[in-house]
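A closer look at the structure
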Amino acid sequence: MTKAVFCIAQNLEQTEIIVNNLKTAGFSINDISVLFPDKSTTKDFAHEKHTKAPEGAAIGGTVGLGTGAALGLLAGIGALAIPGVGPLIAAGPIMGALSGAAVGAATGGLTGGLIGLGIPEYEAKRYEGKIKGGSALISVHTESSEECDKAKKIFEQAHAEDISSTGEESV
């Protein structure tokens, strides 16, 4: 049995810090997953540009480069749309799992895909609500209870929310 450890990060900056800390602690980029809403296509994104455009563009470009660099190293980054949730960016093993879930069971939406990953239904519903609200879901697959504890500690130190773990069958 391997375990997956999950948490919610409130924003992309916190997501980047957690992903960097996981990589520094020795977790493989192939075992780290991130799922967050794709805000670049929303009206909110357009409204943020209305006042101090030059300063905003410079700051936004810097944040975008940093975020892209950290998350761009993860395996299988891409966009997907899940009915009832909208456009998402996913990276890592969660990308393949949710792509299959979205195609196979569109009625299940994101909650159904998360349940398919081994997350209990009540937690999956809470995670979906937080993702819809703009937060990011981060997960890491661990091979031992020591790795599981190490991942939880990294999440706690970064002030992540809703930290949990679940066992999953070895493949």
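Residues numbered from 1 in each chain as written. Predicted model: local features only at pLDDT ≥ 70, side-chain atom pairs only at ≥ 80, totals over all residues. Heavy atoms only, no water.

Going by an unreviewed UniProt entry, the chain carries the name DUF3341 domain-containing protein and comes from Methylobacter tundripaludum.

1. Considering the overall build of the chain
Worth spelling out the cut-off: Only DSSP runs of H or I reaching four residues or more are called helices, and only runs of E reaching two or more are called strands; each is numbered from the N terminus. Only protein chains enter the accessibility calculation, which uses a 1.4 Å probe; a residue is then buried when its area is under 20% of its type maximum, exposed when over 50%, and partly exposed in between. By the convention used here, residues are in contact when the closest approach between their heavy atoms is within 4.5 Å. Computed by Shrake-Rupley with a 1.4 Å probe, the accessible areas treat only the displayed protein chains as cover when residues are assessed.
Across its full length, the chain carries 7 helices and 6 strands. Start at the N end of the chain and walk to the C end: the helices and strands fall as β-α-β-α-α-β-β-α-α-α-β-α-β. Relative to its full complement of 171 residues, the chain shows a buried share of 40%. Of all intrachain contacts in the chain linking residues separated by at least 6 positions in sequence, the fraction that spans at least 24 positions is 71%. A total of about 8,700 Å² of accessible surface is found on the chain, and carbon and sulfur atoms cover 59% of it.

2. Focus on helix 7 (residues 145–157)
So the rule is basically this: Helices are assigned an expected span. That span is 1.5 Å times one less than the residue count. Note that the arc is computed from the directions linking the helix axis to the C-beta atoms.
Counted at 1.5 Å a residue, the expected span for helix 7 with its 13 residues is 18 Å, and the 18 Å between its end C-alpha atoms agrees. For helix 7, the full list of buried residues reads Cys-148, Ala-151, Ile-154 and Phe-155. In an axial view of helix 7, the angular spread of the buried residues amounts to 125°, which keeps them on one side of the axis. Facing away from the buried side of helix 7, by more than 90 degrees, are the exposed residues Glu-146 and Gln-157. Directly after helix 7, the chain includes His-159, whose backbone phi takes a positive value near 65°.

3. Focus on unusual backbone geometry
In this structure, His-159 takes a positive phi of about 65° despite not being glycine. With respect to the helices and strands, His-159 occurs in the loop between helix 7 and strand 6 (161–168). What makes His-159 exposed here is its relative accessible area of 62%. Even without being glycine, Asp-162 reaches a positive phi, approximately 50°. Here Asp-162 is to be found in strand 6.

4. Overview of the pairing of strand 2 (residues 32–37)
Short version of the rule: Paired strands, as defined in this entry, are two strands with at least two bridges between them according to DSSP.
Burial analysis of strand 2 places 6 of its 6 residues in the buried class, which makes it a mostly covered element. By the alternation rule, side chains of strand 2 split into Ile-32, Val-34 and Phe-36 and Ser-33, Leu-35 and Pro-37, which are all buried. The pairing of strand 2 with strand 5 (residues 136–142) spans 4 bridges and is antiparallel. Across the sheet, the residue bridging to Leu-35 is Leu-137, located in strand 5. Taken together, the 4 bridges between strand 2 and strand 4 (residues 86–91) define a ladder with antiparallel strand orientation. Residue pairing in the sheet places Leu-35 in a bridge with Ala-90 of strand 4.

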